[in-house]
Amino acid sequence: MIAIIDYNAGNLTSVARAVAHLGFSGRITREAQDIRRSERIIFPGVGAAGAAMESLRASGLDAVLQEQFAAGKPILGICLGTQVIMGHSEENDTACLGIVPGRVRGFPPHLTDPSGQRLKIPHMGWNRIHIQRHHPLLAGLSLHDEFYFVHSYYPVPEDPSCVLASSDYGIGFASLLGYRNLVATQFHLEKSGRPGLRMLQNFCDWEPLG
Amino acid sequence: MLSKRIIPCLDVRNGRTTKGIRFKDNIDIGDPVEMARYYYEQGADEIVFYDITASHERRGIMIDVVRRVAETIFIPFSVGGGIQRVDDMREVLLAGAEKVSVNSAAVRNPEIIAQGAEAFGSQCIVLGMDVKHVGPAERIPSGYEVVIDGGRTYMGMDALEWALRAERLGAGEICLNSIDADGTQDGYELKLTALISERVAIPVIASGGAGRPEHLRDVLTVGQADAALIASMVHYGTYPIPEIKAYLKRCGIPVRMTW
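Residues numbered from 1 in each chain as written. Chains lettered and ligands numbered in written order. Predicted model: local features only at pLDDT ≥ 70, side-chain atom pairs only at ≥ 80, totals over all residues.

Peer 1: In this structure, what is going on with the overall build of chain B? I would like to understand it.
Peer 2: Tallying secondary structure elements over chain B gives 10 helices and 11 strands in all. Relative to the compact-globule value of 18 Å for 259 residues, chain B shows a C-alpha radius of gyration of 17 Å, a close match. For chain B, the spread of C-alpha atoms along the principal axes amounts to about 55 × 45 × 35 Å. For chain B, with 259 residues in total, the buried portion stands at 52%. In chain B, 64% of the contacts between residues at least 6 apart in sequence involve partners at least 24 apart. (Helix = DSSP H or I, 4+ residues; strand = E, 2+ residues; numbered from the N terminus. Rg over C-alpha atoms; globule rule 2.2 N^0.38 Å. Buried ≥ 20, exposed ≤ 12 C-beta atoms within 10 Å, placed from the backbone. Contact = placed C-beta atoms within 7 Å.)

Peer 1: Can you walk me through the packing of helix H6 (residues 159-169) of chain B against helix H7 (residues 190-199) of chain B in this structure?
Peer 2: Helix packing for two helices is described by the angle between their axes and how far apart those axes are. Residue and element names in this part refer to chain B. Contact geometry for H6 and H7: axes closest at 10 Å, N-to-C directions at 35°. For H6 against H7, the interelement crossing comes out right-handed. Of H7, the residues touching H6 (which contributes Ala-159, Leu-160, Ala-163 and Leu-164) are Leu-195, Ile-196 and Arg-199. Considered class by class, the residues forming the contact of H6 with H7 number six nonpolar, no polar and one charged. (Axes fitted to C-alpha atoms, helices over the stretch in contact; angles between N-to-C directions. Left-handed = near helix turned anticlockwise from the far one by under 90°. Nonpolar A, V, L, I, M, F, W, Y, C, P; charged D, E, K, R; others polar.)

Peer 1: Where do I start with the sheet that holds strand E5 (residues 86-89) of chain A in this structure?
Peer 2: Adjacent strands of a sheet pair through backbone hydrogen bonds, lying either parallel or antiparallel. All names here are of chain A. Ordered by their spatial adjacency, four strands build an open sheet running E6-E5-E7-E11, and the pairing between neighbours is mixed. Across the chains shown, the open sheet's two edge strands, defined by having one partner strand only, are strand E6 (94-95) and strand E11 (153-157). For strand E7 (residues 100-106) and E11, the ladder comprises five bridges, and the chain directions are antiparallel. From the neighbouring strand, Arg-103 faces E11, where its bridge partner is Val-156. (Pairing = 2+ DSSP bridges.)

Peer 1: Which parts of the structure should I look at to understand the nonpolar core?
Peer 2: Note on soluble globular proteins: their nonpolar side chains tend to be buried together. Residues Ile-7, Ile-174 and Ala-228 of chain B are the most contacted members of the largest nonpolar core, which totals 148 residues. Setting aside anything within four residues of it in sequence, one finds Ile-174 of chain B in contact with Leu-127, Met-129, Ala-163, Ala-166, Ile-196, Val-200, Ile-202, Val-204 and Ile-205 of chain B. (Core = buried A, V, L, I, M, F, W, Y, C linked by C-beta atoms within 7 Å.)

Peer 1: What exactly am I supposed to notice about the interface of chain B and chain A here?
Peer 2: Accessible area lost when the parts come together is the quantity often used to give the size of an interface. Opposite the 25 residues of chain B that make contact, chain A presents 32 residues. Among the elements of the structure, helix H2 (59-72) and helix H3 (86-94) of chain B are those that each provide at least two residues to the side of chain B that touches chain A. Residue classes in the side of chain B that touches chain A are distributed as 13 nonpolar, six polar and six charged.

Peer 1: Looking at this structure, I do not really get the pairing of strand E4 (residues 75-78) of chain A. What am I missing?
Peer 2: Two faces, one strand: in a regular strand the side chains alternate between the faces of the sheet. Residue and element names in this part refer to chain A. Of the two faces of E4, the one holding Ile-75 and Gly-77 and the one holding Leu-76 and Ile-78 are both buried throughout. Bridging between strand E3 (residues 40-43) and E4 involves three bridges; their strand directions are parallel. Opposite Phe-43, over in E4, you have Gly-77 as the bridge partner. Of the pairings in the sheet, the one linking E4 to strand E14 (residues 182-185) comprises four bridges and is parallel in character. Counted as the bridge partner of Ile-78 is Thr-185 from E14.

Peer 1: For this particular structure, what's the right way to read the sheet that holds E4 of chain A?
Peer 2: Residue and element names in this part refer to chain A. Sheet architecture is open: eight strands sit in the order E2-E1-E3-E4-E14-E13-E12-E9, paired in mixed fashion. Edge strands, defined here as strands with exactly one partner in the open sheet, are strand E2 (26-29) and strand E9 (130-131). Helix H1 (residues 13-21) contacts strand E1 (2-5), E2, E3 and E4 of the sheet and is inclined by roughly 165° relative to E2.

Peer 1: Which parts of the structure should I look at to understand the pairing of strand E10 (residues 204-207) of chain B?
Peer 2: Residue and element names in this part refer to chain B. Burial of E10 is two-sided: the residues Val-204 and Ala-206 facing one way and the residues Ile-205 and Ser-207 facing the other way are all buried. Alignment of strand E9 (residues 173-178) against E10, held across four bridges, turns out to be parallel. Counted as the bridge partner of Asn-177 is Ser-207 from E10. Read as a crossover between parallel neighbours, the route from E9 over H7 to E10 is right-handed. Two elements, E10 and strand E11 (residues 227-230), share two bridges in a ladder whose sense is parallel. The residue of E11 that forms the bridge with Ala-206 is Ala-228. Read as a crossover between parallel neighbours, the route from E10 over helix H8 (residues 213-221) to E11 is right-handed. (Right-handed = clockwise from strand over helix to strand, strands pointing away.)

Peer 1: What's the story with unusual backbone geometry in this structure? I'm lost.
Peer 2: In terms of backbone geometry, most residues other than glycine have negative phi values and most peptide bonds are trans. Going from Ile-121 of chain A to Pro-122 of chain A, the amide bond is cis rather than trans, its omega being 5°. Along the polypeptide, Pro-122 of chain A turns up in the loop between E7 and strand E8 (123-128). A positive phi is found at Arg-180 of chain A, a non-glycine position, where the angle reads about 55°. Among the residues examined, Arg-180 of chain A registers 16 C-beta atoms within 10 Å and is labelled partly exposed. Even without being a glycine, Asp-149 of chain B presents a positive backbone phi close to 55°. Mapped onto the fold, Asp-149 of chain B is located in the loop between strand E7 (144-148) and strand E8 (153-158).

Peer 1: Looking at this model, I keep getting lost on H7 of chain B. Mind explaining?
Peer 2: Those residues of H7 of chain B not exposed but buried are Leu-190, Leu-192, Thr-193, Leu-195, Ile-196 and Ser-197 of chain B. Residues of H7 of chain B that are buried sit in contact with strand E6 (125-133), E7, H6, E9, E10 and H8 of chain B.

Peer 1: Is there a simple way to explain the confidence of the model for chain B in this structure?
Peer 2: Caution applies to low-pLDDT regions: their predicted coordinates should not be interpreted in detail. All names here are of chain B. Of all residues in chain B, 95% attain a pLDDT of 70 or more, and the chain-wide mean is 92. In the predicted structure, residues 20-24 sits below a pLDDT of 50 and forms seven contacts with residues beyond four places in sequence or in another chain. At the level of chain-chain contacts, confidence expressed as ipTM amounts to 0.93, with global pTM at 0.94. (pLDDT = per-residue confidence, 0-100.)

Peer 1: Looking at this model, I keep getting lost on the packing of H8 of chain B against helix H10 (residues 241-250) of chain B. Mind explaining?
Peer 2: Residues and elements named next belong to chain B. Packing of H8 against H10 brings their axes to within 9 Å, and their N-to-C directions diverge by 50°. With respect to H10, the axis of H8 lies oblique. Between H8 and H10 lies a crossing of right-handed hand. Of the residues in H10, those in contact with Pro-213, Leu-216 and Arg-217 of H8 are Ile-244, Tyr-247 and Leu-248. The residue inventory of the contact of H8 with H10, partitioned by class, reads five nonpolar, no polar and one charged. (Parallel < 35°, antiparallel > 145°, perpendicular 65-115°, else oblique.)

What follows is the structure in structure tokens.
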């Protein structure tokens, strides 16, 4: 069973549907027992870092996630989940889970594209990823595949070798992270058509080494 | 670099797509779920459903459509039409839509935008605007007036002012429909689109008037739109989505070409 963590951070049904579509058994849950019993964990989320961390602390799920990461269970962060696993977020000046050392920054205002057109925040829509480092999560994907993003903040890991892929939106930013038994996407792979489903399938099949 | 989005729009009445849609492919053209699947496979970047079901009692049919669409396609889609309250938004989002759009209800009660953004996040809340060119007047400095109830009721409200106010209230995106251009297939209202898109910091989806790929090129460049809504030109099979995208790419416009 794949535990899909429910912590009052957005609608989890699309993640659960994508998992079911691929033929895996997923369970939307906030119970520590379910999470400990699961084979892998999906940690999604939409919303603001401050409220998300508050909810994780109040429910004790923060400690459960840290413990499950330390135990070596495969974990997939998505969007806000990818930000909350970092050490600290600029959004609401929030101390986060600290599973991946590093920070979360906001896109600077007044970004422009190469033609000089002003870029809007949030970064919303389809964008490419530029692969920096090979990883089983990237199996079967092409250079031209695009993924669906909706975000105003992005992760900046301390160790650049955690960045599996980056994307461009006025500046370059990390859009896919890999750190031990954890992978994390800034984009919504559950809403990114065939390439997103392939990446989700890759996660469901992934056996981290060591 | 962010791709410009191409978004087919489906009108749904009592659980069936309306308009005489002709497809060569062997699909049930009246079934919104099948049509959503078709456009998903054709490379649509997002899909908009507009519920024009007349009676309130039949709203449950639309929720069932939303649920089935969510099980079938794995790209974002939004649902509009008849959204009056935050509870209506919740129902549509929980059924699996990524976004919900409000139009007339937001004009009558702008707080619904703030309430929706607070409850579900701005990224879920699309402001639908129907706009008519009336020429500059004291209350309408931009010359574009907001019209509601499907184009029947003039509100004495300036389109640009309303767009800026909706943005402040927490709308995450604006779907901007020109009543003058709608249904003409003569091209989008470029001046209106550029006027709004230049001034708001949230994405603008241009709607109304698409008949040829050149119209999309113009609204995505001159009109500065972030996305283009299309209906007849794809429903009638005149221009398949891959062909439209290939054309835009040749024009140097960033579009998603693999799916």
